[in-house]
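Here is how the chains run, residue by residue.
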Amino acid sequence: MKELDHALKLQAYVDGELPDREARAMAESLKRDERQQALHDGLRSIKALLRDNELELPVPETREFYWSQIQRGIAAEPVQRASGAGLLSGWLRWLVPVGATALLCVYWLWPTAGRSGSASGLLVGHEIETPLAETTSFAFRSESAAMTVVWVETRGLHNLASGE
Amino acid sequence: MSTLIRPTFWAWVLLGLGWAGFDPVQAQEGEVDLLAQLVWATDGAKPTGKDLKEVDAATRDKLRGVFRWKGYFEIARKEFKVAATGMARVRMSSKCEIEVEQLGKETFEVKLFGEGKMVVKKRQTLQSGELLVLAGDDKNDTAWFVVIRLHKP
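Remember, predicted model here, so these are calculated numbers, not experimental data. (Residues numbered from 1 in each chain as written. Chains lettered and ligands numbered in written order. Predicted model: local features only at pLDDT ≥ 70, side-chain atom pairs only at ≥ 80, totals over all residues. Heavy atoms only, no water.)

Caption draft 1: Representation of a nonpolar patch on the surface within the structure. Residues and elements named next belong to chain A. Nonpolar side chains collect at one region of the surface, where V59, Y66, W67, I70 and I74 lie side by side and expose about 460 Å² of accessible area between them. Along the chain, Y66 turns up in helix α4 (residues 63-109). Classification of Y66 by relative accessible area gives partly exposed; the value is 34%. (Patch = residues over 30% accessible without salt bridge, like charges linked within 9 Å, V, L, I, M, F, W, Y side chains within 5 Å. Areas by Shrake-Rupley, 256 points an atom, 1.4 Å probe, with all protein chains shown as cover. Salt bridge = Lys/Arg side-chain N within 4 Å of Asp/Glu carboxyl O. Helix = DSSP H or I, 4+ residues; strand = E, 2+ residues; numbered from the N terminus. Buried < 20%, exposed > 50% of the residue type's maximum accessible area, 1.4 Å probe, protein only.)

Caption draft 2: Region of interest: the side chain of T148 of chain A. Relative to the assigned elements, T148 of chain A resides in strand β4 (residues 147-154). Here T148 of chain A falls in the buried class, since its relative accessible area comes to 0%.

Caption draft 3: Main features of the sheet that holds strand β6 (residues 107-114) of chain B. With antiparallel pairing, the 5 strands of this open sheet are ordered in space as β2(A)-β7(B)-β6(B)-β5(B)-β4(B). Of all strands in the sheet, those with a lone pairing partner are β2 (128-129) of chain A together with β4 (87-91) of chain B, marking the two edges. Strand direction decides the pairing type here: β4 of chain B and strand β5 (residues 96-104) of chain B, joined by 5 bridges, are antiparallel. From the neighbouring strand, V90 of chain B faces β5 of chain B, where its bridge partner is I98 of chain B. (Pairing = 2+ DSSP bridges.)

Caption draft 4: Geometry of the nonpolar core. All names here are of chain B. Grouped together as the largest cluster of nonpolar side chains are 28 residues, with contacts concentrated most on F80, I98, L112 and V146. For this core, the leading source of residues is strand β1 (residues 32-42), giving 4 residues. Contact partners of L112, with chain neighbours within four places excluded, come to C96, E97, I98, K117, M118, V119, V120, L134, W144 and V146. Counting 17 residues, the second largest nonpolar core, distinct from the first, contains V39, V133, A135 and A143. (Core = buried A, V, L, I, M, F, W, Y, C linked by side-chain atoms within 4.5 Å. Contact = heavy atoms within 4.5 Å.)

Here it is as C-alpha cells:
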C-alpha cells in the first residue's frame, strides 16, 4: 500500500502535479534510491512515447462548426425528452388522480371494509380502548347470536346496573 | 413549466384531498334510531322489593345463547337518535352513561362511562339485528349488560 502510494506520488511528480516542496523532496529521494530512479525513468519514457506518438484525429469541419453541432444537439435534447415525457406525464396526470379516487371509492363504499366485527370468536385488538389503569377488556363475537360483546373487567366499579 | 406550478396539478391535488375527507355514505345517511338496554343478570331469584321486569324474550334468548346466567332483568331502556356524524349521551343509571357517535354508515363509536369516567370505548358496525353488548361482572356472581342495537320505533 505504501509502495503504491509512493508510485502514485512519483507519477504525479513526473506529470508535474506535486507541490514544490514535495517535488523537491521527491527529487532528493530519487537521487538516493536506484529503484525509484528506474521507475521514474520508465514513467518518463512512457509519457514521452504517448506524447510523441498519439494519433491525431482531425475533425473534418471547422472548430466553430464542430462545436456548434454539439451545442445544437444539447439544445435539441430536452425538447425530444419533453415530447416523449409529455405523452407519459399527460397520462400520469390523469391516471394518478383517477387511480387515487378509485381507491378511495372502494374504501368508502365497501360495505364492511375495515369496519365490521365479522370475525368469529375472540376479537384481538378490535378497536377497543380502556383508558383506566384498573380496567381491562376483551371482545368476542357470536355469529349465531349476531352479537359483539365487550367484556369489561373492573376493580371497584360495580353496581353499574343498579346504581346502588 | 414545472409540475408544481401547473394549475391542473393543484386542481387534482385539491380534488384528491376533497375525496379523502368526503364520506359519501355518511353524507347520504341521516340520523339513526338506537335502543340501549341496561340489563342485570343473575342466577338467583328475582329480587324482592325491586320493580324489575324481565327483558324481552328475543334479547333474553340471545343473551342466554352466549352467557351462563339464567335470569335477565331490564333496569333501563332508552330509545334515542344519533344524527349523521353526531353523537348522543344517554344516562342508563345513576352510575352508568353511554355516548354513541355515528362515524359513518352503520359505524359507531360507543363509550361507556362508569361514575363519570370512561371505562371503555369501542368502534363497531351495527346492522339491523346486530347487538353490541358492553358487559362486566357485578357483585354476588351477577353481571351487568348494556345492550345497544339499531331500533325502528
